[in-house]
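# Tertiary structure, described
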Amino acid sequence: MIEKLLTVKNRAGIHARPAAIIAQAANKFESEITLSRDDTTINAKSIMGVITMAAGYNTMLKLRVAGGDEQEAAAAIEALFESKFEEE
């Protein structure tokens with residue numbers, strides 16, 4: 001299992017478009033991918049789940065990835081956060 005702390009770097013936070021991008025990327029992998037904030041954990045393959053995180057600018061989320069392609073999956077999700085979901 002891989003765990004990483006990710007920071008929401010785009011000013012608008014995670015709204016519908018970034019949530020869709022995260023879910024689409026997560027669904028390309030077999031691994032189980034979750035995002036956690038405080039006491040809430042969601043399946044990153046669910047657009048609605050990602051939106052309900054209500055993660056604004058500078059929010060820290062914990063990414064957990066477990067499965068056969070966990071290295072690639074974690075790197076792909078981390079790259080989305082680093083690129084600010086290509087919004088800026």
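Higher on the page you've got the structure.
Quick look at the structure, then. (Residues numbered from 1 in each chain as written. Predicted model: local features only at pLDDT ≥ 70, side-chain atom pairs only at ≥ 80, totals over all residues. Heavy atoms only, no water.)

### Side note on the pairing of strand S3 (residues 40-43)
Both strand S2 (residues 32-37) and S3 contribute to a ladder of 4 bridges, which runs antiparallel. Looking at S3, one finds that Ser36 is bridged to Thr41. In sequence, S2 turns back onto S3 through a hairpin of 2 residues, with Asp38 there showing a positive phi of about 55 degrees. (Pairing = 2+ DSSP bridges. Helix = DSSP H or I, 4+ residues; strand = E, 2+ residues; numbered from the N terminus.)

### So, the pattern of salt bridges
Per the counting criterion, the structure on display carries 5 salt bridges. The residue Arg64 makes a salt bridge to Glu3 at a minimum N-O spacing of 2.8 Å. With a gap of 61 residues between them, Arg64 in strand S4 (residues 60-66) and Glu3 in strand S1 (residues 2-7) connect regions that are remote in the sequence. A relative accessible area of 44% means that Glu3 is categorised as partly exposed. Of the charged contacts in the structure, one is a salt bridge between Glu87 and Arg17, with a shortest N-O distance of 3.4 Å. Placement of the pair is Glu87 in the segment after helix H3 (70-82) and Arg17 in helix H1 (residues 16-26), with a sequence separation of 70 residues. By relative accessible area, which is 30% here, Glu87 ends up partly exposed. Through salt bridges that share partners, Glu3, Lys62 and Arg64 make up one connected network. (Salt bridge = Lys/Arg side-chain N within 4 Å of Asp/Glu carboxyl O. Buried < 20%, exposed > 50% of the residue type's maximum accessible area, 1.4 Å probe, protein only.)

### Some details on the pairing of S2
For S2 and S4, the ladder comprises 5 bridges, and the chain directions are antiparallel. Note on S4: the bridge partner recorded for Glu32 is Ala66.

### Quick look at the nonpolar core
Membership of the largest hydrophobic core comes to 25 residues, with the highest contact counts inside it found for Ile14, Ile22, Ile33, Leu61, Leu63, Ile77 and Phe81. It is H3 that provides the largest number of residues to this core, a total of 5 residues. Sequence-distant contacts of Ile22, that is, excluding residues within four places in its chain, are made with Ile14, Leu35, Ala44, Val50, Ile77, Leu80, Phe81 and Phe85. (Core = buried A, V, L, I, M, F, W, Y, C linked by side-chain atoms within 4.5 Å. Contact = heavy atoms within 4.5 Å.)

### Some points on unusual backbone geometry
A positive phi angle, near 45 degrees, is found at Ala54, a position not held by glycine. Along the polypeptide, Ala54 turns up in the loop between helix H2 (47-51) and S4. Owing to a relative accessible area of 54%, Ala54 belongs among the exposed residues under this scheme. Its identity is not glycine, yet Asn58 carries a phi of approximately 70 degrees, on the positive side. Taking the relative accessible area as the measure of exposure, Asn58 reaches 48% and is therefore partly exposed.

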